[in-house]
Amino acid sequence: MVDGSILSLLAAAGFVGALGVAIKYFGMVRLIAGYDSGRVTDEEGPADFVGTNTLYVAGLLAIVAVVEYAEPLGDSDLVWIVFAVAVFGLTARMIRGARRYERPA
């Protein structure tokens, strides 16, 4: 039986994945926090970079849902620790990487 936490994780993965697709494939850069079109030198670069990394986060959420469902680690919180570290790492990567598409101030 699938409980509410697994469904919530899958719903979150779907939502984050939809955001990633909207940014990467449809160029909706206005969904990127702090995006300033006046400072960006390449319009497609940030959309591709941030959209791809957002899809990575969606994939991580789906993997966590599968691991939580299968429970190979029992009641261990290891999967959540790895998830948190990975998301913080991807976030830092997105922030630093998106800056390469901006003009120097």
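Numbers given to residues run from 1 along each chain, matching the order in which its sequence is written. Totals for whole chains, interfaces and linings use every residue, but because this is a predicted model, local features are given only for residues with pLDDT of at least 70 and side-chain atom pairs only at 80 or more, for both listing and counting. Side-chain calculation: all heavy atoms of the structure are included, whereas hydrogens and water are not.

Visitor: Go over the overall build of the chain, please, and point to the residues and values.
Guide: Each helix is a run of H or I in the DSSP string that is no shorter than four residues. Each strand is a run of E no shorter than two, and both are numbered from the N terminus. A tally of helices and strands in the chain yields 3 helices and 0 strands. Dimensions of the chain, computed from C-alpha atoms along their principal axes, come out at roughly 50 × 25 × 15 Å. Each residue's exposure class comes from its accessible area (1.4 Å probe, protein chains only) as a fraction of the maximum for that residue type: buried when under 20%, exposed when over 50%, partly exposed otherwise. Within the span of the chain, comprising 105 residues, buried residues form 30% of the whole. For this analysis, residues touch if any pair of their heavy atoms sits within 4.5 Å. Considering only contacts in the chain between residues 6 or more positions apart, those separated by 24 or more positions represent 73%. Within the structure as shown, the chain displays about 6,800 Å² of accessible surface, and the carbon and sulfur contribution to it stands at 64%. Looking at charge distribution, the chain has the averaged site of its 8 positive side-chain charges lying 14 Å from that of its 11 negative ones. Here the open area of atoms and residues is found with the Shrake-Rupley method and a 1.4 Å probe, where only the protein chains shown may cover a residue. We count Lys and Arg on the positive side and Asp and Glu on the negative side, and we leave His and both chain ends out. Taken as the charge centre is NZ of Lys, CZ of Arg, CG of Asp or CD of Glu, depending on the residue.

Visitor: Quick rundown of the pattern of salt bridges? Include the residues and the values.
Guide: Pairs can form between side chains of opposite charge once their charged atoms are near each other. In what follows, salt bridge is the name for a side-chain nitrogen of Lys or Arg lying within 4 Å of a carboxyl oxygen of Asp or Glu. One pass over the full model with this rule turns up 2 salt bridges. As a salt-bridge pair, Glu102 and Arg39 come within 3.5 Å of each other at their nearest N and O atoms. Pair noted here: Glu102 is in the segment after helix H3 (78-98) and Arg39 is in the loop between helix H1 (4-26) and helix H2 (44-70), with a separation of 63 residues, a long-range link.

Visitor: Tell me about H3, and please be specific about residues and values.
Guide: Residues that lie three or four places apart on an α-helix share one face, since the helix turns once every 3.6 residues. By this rule the span expected of a helix is its residue count minus one, scaled by 1.5 Å. Over its 21 residues, H3 extends 30 Å from the first C-alpha to the last, a length consistent with the 30 Å expected when each residue adds 1.5 Å. As for H3, its buried residues are in contact with H2.

Visitor: Which residues make up the packing of H1 against H2, and what values go with them?
Guide: For any two helices packed against each other, the geometry comes down to the angle between their axes and how far apart the axes lie. Only C-alpha atoms enter the line fits that serve as axes; for helices the fit covers just the stretch in contact. Angles between N-to-C directions range over 0 to 180 degrees. Look at H1 against H2: their axes get within 8 Å of each other, and the N-to-C directions meet at 165°. Relative to H2, the element H1 lies roughly antiparallel. Relative to H2, the crossing made by H1 is left-handed. These descriptions rest on fixed angle ranges, namely under 35 degrees for roughly parallel, over 145 for roughly antiparallel, 65 to 115 for roughly perpendicular, and the rest for oblique. The handedness criterion is simple: a crossing whose near helix is rotated anticlockwise from the far helix by less than a right angle is left-handed, and one whose near helix is rotated clockwise is right-handed.

Visitor: Summarise unusual backbone geometry; cite the residues concerned and give the values.
Guide: Of note in this structure, Glu71 is not a glycine but carries a positive phi near 50°. With respect to the helices and strands, Glu71 occurs in the loop between H2 and H3. Owing to a relative accessible area of 53%, Glu71 belongs among the exposed residues under this scheme.

Visitor: Any details on the packing of aromatic side chains? Residues and values, ideally.
Guide: We describe a pair of aromatic rings using the distance from one ring centre to the other and the angle between the two ring planes. Pairing of aromatic rings covers Phe, Tyr and Trp, the last through its six-membered ring, and needs centres within 6.5 Å; plane angles under 30 degrees mean stacked, over 60 mean edge-to-face, and all others mean tilted. Following the criterion strictly, the structure yields 1 aromatic pair and no others. Centre to centre, the rings of Trp80 and Phe83 are 5.8 Å apart; their planes meet at 85°, and the pair counts as edge-to-face. You can see Trp80 and its partner Phe83 sitting in helix H3, 3 residues apart, about one turn around the helix. By relative accessible area, Trp80 is classed as partly exposed at 33%. By definition here, charges over rings are those cases where NZ of Lys or CZ of Arg is within 6 Å of the ring centre and within 35 degrees of the ring normal. A cation over an aromatic ring shows up here: Arg100 above the ring of Phe49, its NZ or CZ 4.6 Å from the ring centre.

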